[in-house]
Amino acid sequence: MKLIIAIVQDQDVPSLIDDLTEHEYGVTKLASTGGFLKSGNTTLLIGVEDEKVDHVLSIIEANCKTRDITTPLLTVTMPGDAYIPYPLEVKVGGATIFILNVEKHIRL
Ligand code: 2BA
């Protein structure tokens, strides 16, 4: 068994979870925050049998889009201690995925 940890953008979550549950995959949704943009994203935990991993990945791929996000993340210091926001464009998504081996899966 594997545990798929997928970090996805909030906008993609409703359709992704619908698609996963329609295919009878169990999924847990956690609210998370990206360290770089410091804005909200969603982390999904999906436990699946090894042979289902590719199918789950294809569902994630079909639902998660890449987006260009412009953020006033950087500030440039000007003489006189003025700070000017410096827009930065980054590509976010479709999904950041980690796949872990599960030693044991217990339901009590
Ligand atoms: P954030 O950390 O908010 O990063 C958002 C996007 O900013 C990233 O998109 C990437 O395009 C850019 N970015 C991140 N760190 C950067 C840096 N040091 N310099 C320049 N640009 C940078 P994604 O790569 O699609 O990542 C989306 C979210 O996935 C991340 O949000 C973070 O929450 C998570 N993530 C990505 N890589 C991770 C990792 N190795 N471990 C844990 N979480 C990760």
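Residue numbers run consecutively from 1 along every chain, following the written order of its sequence. Thresholds applied to this predicted model are a pLDDT of at least 70 for local features of residues and 80 or more for the giving and counting of side-chain atom pairs; totals over whole chains, interfaces and linings are not thresholded and use all residues. Computation of side-chain values covers all heavy atoms of the structure but excludes hydrogens and water.

**Q** Where do I start with the site of the ligand in this structure?
**A** The full set of residues close to the ligand is Ile 7, Gly 34, Gly 35, Phe 36, Leu 37, Asn 41, Val 90, Lys 91, Val 92, Gly 93, Thr 96 and Phe 98. Polar contact is defined as a pair of N or O atoms within 3.5 Å, subject to the rule that within protein one atom must be able to donate a hydrogen and the other to accept it, and that residues adjacent in sequence are counted only when both atoms are side-chain atoms. Between the ligand and the protein, one listed contact pairs an oxygen atom with a backbone N or O atom of Gly 35 at 3.2 Å. In this structure, an oxygen atom belonging to the ligand sits 3.3 Å away from a side-chain N or O atom of Thr 96. Computed with the Shrake-Rupley method and a 1.4 Å probe, the accessible areas treat only the protein chains shown as cover for residues. If the ligand stood free it would expose 750 Å²; the protein chains cover 53% of that surface. Strands are runs of DSSP state E lasting at least 2 residues, helices are runs of H or I lasting at least 4, and numbering of each runs from the N terminus. Those elements that provide at least two residues to the shell around the ligand are β5 (82-92) and β6 (95-101). It suffices for a single heavy atom of a residue to lie within 4 Å of a molecule or strand for the residue to be listed as near it.

**Q** Would you explain the packing of helix α1 (residues 13-22) against helix α2 (residues 53-63) in this entry?
**A** A pair of packed helices can be characterised by two numbers: the angle between their axes and the separation between those axes. For the pair α1 and α2, interaxial distance at closest approach is 9 Å and the crossing angle is 150°. For the element pair α1 / α2, the angle class is roughly antiparallel. When you trace α1 past α2, the crossing you get is right-handed. Contacts between α1 and α2 involve Ser 15, Leu 16, Asp 19 and Leu 20 from the former and Val 56, Ile 59, Ile 60 and Asn 63 from the latter. The residue classification treats Ala, Val, Leu, Ile, Met, Phe, Trp, Tyr, Cys and Pro as nonpolar and Asp, Glu, Lys and Arg as charged. All others, Gly included, are polar. Tallied by class, the residues present in the contact of α1 with α2 amount to five nonpolar, two polar and one charged. Angles shown run from 0 to 180 degrees and are taken between the N-to-C directions of axes, each axis being a line fitted to C-alpha atoms and, for helices, limited to the stretch in contact. Convention used here: angles under 35 degrees read as roughly parallel, angles over 145 as roughly antiparallel, angles from 65 to 115 as roughly perpendicular, and any remaining angle as oblique. Here a crossing is taken to be left-handed if its near helix is turned anticlockwise relative to the far helix by less than a right angle, and right-handed if that turn runs clockwise. The contact rule is simple, with two residues in contact once any of their heavy atoms fall within 4.5 Å.

**Q** Hey, could you run me through the sheet that holds strand β3 (residues 40-48) in this one?
**A** The strand order across the open sheet formed by four strands is β2-β3-β1-β6, and the pairing between neighbours is antiparallel. The two strands at the open ends of the sheet, each matched to only one other strand, are β2 (28-33) and β6. Ignoring which end each strand starts from, the neighbouring axes of this sheet average 20° apart. Two strands are said to pair when DSSP picks up at least two bridges between them. Direction of pairing for β2 relative to β3: antiparallel, over a ladder of six bridges. Counted as the bridge partner of Ala 31 is Thr 42 from β3. The strands touched by α1 are β1 (2-8), β2 and β3; relative to β3, the strand with the most contacts, the crossing angle is about 10°.

**Q** Would you explain the nonpolar core in this entry?
**A** Most often, soluble globular proteins keep nonpolar side chains buried together rather than apart. Take the buried Ala, Val, Leu, Ile, Met, Phe, Trp, Tyr and Cys residues and link them wherever side-chain atoms come within 4.5 Å; each set so joined is a nonpolar core. Burial classes: relative accessible area under 20% of the type maximum marks a residue as buried, over 50% as exposed, and values in between as partly exposed (1.4 Å probe, protein chains only). Ranked by size, the top nonpolar core spans 16 residues in total, and within it Leu 16, Leu 20, Ile 46, Val 56 and Ile 60 carry the most contacts. When residues of this core are traced back to their parent elements, those giving at least two are β1, α1, β3 and α2. Apart from the residues lying within four places of it in its own chain, the contact partners of Leu 16 are Val 8, Leu 44, Ile 59, Ile 60, Asn 63 and Cys 64.

**Q** Looking at this model, I keep getting lost on unusual backbone geometry. Mind explaining?
**A** Backbone geometry follows two general trends: most residues other than glycine have a negative phi, and most peptide bonds adopt the trans configuration. Residue Gly 94 is bonded to the preceding Gly 93 through a cis peptide linkage, with omega at -10°. The backbone of Glu 24 shows a phi angle near 65°, a positive value even though the residue is not glycine. Mapped onto the elements, Glu 24 comes out in the loop between α1 and β2. Accessibility expressed as a relative area gives 73% for Glu 24, which makes it exposed. Located in the positive-phi region is Lys 38, a residue other than glycine, with phi close to 55°. Assignment of secondary structure puts Lys 38 in the loop between β2 and β3.

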